[in-house]
Amino acid sequence: MPLALLALAVGAFGIGTTEFVMMGLLPDVADDLHVSIPTAGHLVSAYALGVVIGAPLLAAATARMSRRTVLISLMGLFVAGNALSSLAPGYDSLLAARFVSGLPHGAFFGVGAVVATGLVAPERKARSVSLMFLGLTVANIAGVPVATLMGQHLGWRATFLGVSAIGLAAIASLALLIPHDRGQAPAAGLRRELAALRSLPVWLALGTTVAGFGALFSAYSYITPMLTDSAGYADSSVTLLLALFGVGATIGNLLGGRLADHAMRPTLFAGLTSLALVLALFPLLMATAWGGALAVVLLGVAAFVTGSPLNLMVMEKAAAGPSLASSANQAAFNMANAGGAWIGGLALAAGFGTTSPALAGAALAVLGLAVAGVAAAVDARRAPRTGGRERVVATHVPRAAVEAAARR
């Protein structure tokens, strides 16, 4: 695998750290800025809103630029947003800074996935995407716990200065390792990128992302009360257990990348099925301490097995304009974050029990399977028109454009 993938992973590590560290710092931020914890929780939502808005807009705005330049520029915006967060004088300014920090998130992963697949042979595309996302999963093992401890001992502002330093290291890595003659934008630019989003298969793939990862966040958003109230863990043990989730996510990410290169759609179906089964077993697993720890690891594995096949599927279905579609997939991921947490909260508020968000997540995973099944049926119906030559690429994309995208 090219060393350039390391630069993408460094950027992903920084993004993953700043996305998830706010959850652990909420009490410190709320106390320092004299707001309630629920009000401080809006800082998490502001970041997610930045991702959803920034992903398609920035990908579209940079469609005609060199992707190497785009990646460096996006990481520069990431550094600026985190630096502003560390210097924010009050709650409102921190809210705005968190929104800015989220803007480059989706576009970086979207454009980065296109660059990653262009650096390797066709049979290694999914693995290249999984190696970029390795930075995101490792952030949950090391970056988030270390950044949380830093914030608790040195102040939350130090955390965002540290994340800014990671962003600067990512900029240096991108400048040194991403080749100048790779990842150039297609000549058609924005028009082709927008045209790719008119494809039904692209939207079915995005819908699978929303349902599948909504299943994850329905349970993960309420994992702490499950571990403390059901499995019997002390509050002090939760950080270590969440690191176990990161271990599971890393295993699932690497496994999904390897399997998807051999059989993309079967890997996706297997991942969603495993996710539904794991979530359905949560009430049983959370009845004991060892079962709770196992459930956290299995949740990470099952959820992130689907990551690489979903990203690659979106890009191949929008082969003539993959950057915008891939970035839209990151926006879909964050919509799943918000929607899954909301649905899980409804189950909890209805009095169905501490582990009920996991059962709601199991239902969402089944919905994801249904959407993926519809997508498979649509591809099967369209296959005769294309002579069966394309694996999952939208049929309206010209063959020449598909071949050009594969060469990039």
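Residues numbered from 1 in each chain as written. Predicted model: local features only at pLDDT ≥ 70, side-chain atom pairs only at ≥ 80, totals over all residues. Heavy atoms only, no water.

Engineer: For this particular structure, what's the right way to read the packing of aromatic side chains?
Structural biologist: Each aromatic ring pair is specified by the distance between its two centres and by the angle formed by the two planes. What the rule picks out here adds up to 8 aromatic pairs. Measuring from centroid to centroid gives 5.4 Å for Phe-217 and Phe-333, while their planes differ by 80 degrees, and the two rings are edge-to-face. Of the two residues, Phe-217 sits in helix H9 (residues 200-220) while Phe-333 sits in helix H16 (residues 322-349), which places them 116 residues apart along the sequence. Phe-333 carries the same exposure label as Phe-217, and that label is buried. (Phe/Tyr/Trp six-rings, centres within 6.5 Å; stacked < 30°, edge-to-face > 60°. Helix = DSSP H or I, 4+ residues; strand = E, 2+ residues; numbered from the N terminus. Buried < 20%, exposed > 50% of the residue type's maximum accessible area, 1.4 Å probe, protein only.)

Engineer: Looking at this model, I keep getting lost on the pattern of salt bridges. Mind explaining?
Structural biologist: Two side chains of opposite charge can pair, provided their charged atoms sit close to one another. Counted by the stated rule, this structure contains 3 salt bridges. A salt bridge links Arg-157 to Asp-32, with the nearest nitrogen and oxygen atoms 4.0 Å apart. Taken together, the residues Arg-157 in helix H7 (residues 156-177) and Asp-32 in helix H1 (residues 4-33) connect sequence positions 125 residues apart. Residues Asp-261 and Arg-127 are paired through a salt bridge, measuring 3.0 Å at the closest nitrogen-oxygen approach. Of this pair, Asp-261 sits in helix H11 (residues 238-262) while Arg-127 sits in helix H6 (residues 125-154), and the two are 134 residues apart along the sequence. Owing to a relative accessible area of 15%, Arg-127 belongs among the buried residues under this scheme. (Salt bridge = Lys/Arg side-chain N within 4 Å of Asp/Glu carboxyl O.)

Engineer: Explanation requested: the environment of Ala-318 in the structure shown.
Structural biologist: Mapped onto the secondary structure, Ala-318 falls in the loop between helix H15 (307-317) and H16. Between the alpha carbons of Ala-318 and Leu-194 there is a distance of 9.6 Å; along the sequence they are 124 residues apart.

Engineer: It is not clear to me how the side chain of Thr-208 should be interpreted in this structure. Could you clarify?
Structural biologist: Locating Thr-208 in the fold gives a position in helix H9. According to the relative accessible area criterion, Thr-208 is buried, its value standing at 1%. In terms of polar contacts, Thr-208 uses its side chain to reach the backbone carbonyl oxygen of Leu-204, at 2.9 Å. The contact partners of Thr-208, leaving out residues within four places of it in the chain, are Phe-213, Leu-268, Leu-272, Leu-310, Gly-368, Val-371 and Ala-372. (Polar contact = N/O pair within 3.5 Å; in protein donor to acceptor, adjacent residues only side chain to side chain. Contact = heavy atoms within 4.5 Å.)

Engineer: I'm lost on the layout of surface pockets in this one. Help?
Structural biologist: It is the rolling of a water-molecule-sized probe over the atoms that shows where space remains empty. Considering only enclosed or pocket space, the largest pocket measures out at about 950 Å³ in volume. What lines the largest pocket is a set of 32 residues, among which Phe-20, Met-23, Gly-24, Tyr-220 and Leu-242 lie closest to the centre. Those elements that provide at least two residues to the lining of the largest pocket are H1, helix H2 (37-40), helix H3 (42-61), H6, H9, helix H10 (223-230), H11 and H16. When grouped by side-chain class, the residues that make up the lining of the largest pocket number 20 nonpolar, 11 polar and 1 charged. (1 Å grid on protein atoms, 1.4 Å probe; cavity = no way out; pocket = protein on both sides within 12 Å on 5 of 7 lines; lining within 4 Å. Points joined across faces, edges and corners; volume = space filled by probe spheres on them. Nonpolar A, V, L, I, M, F, W, Y, C, P; charged D, E, K, R; others polar.)

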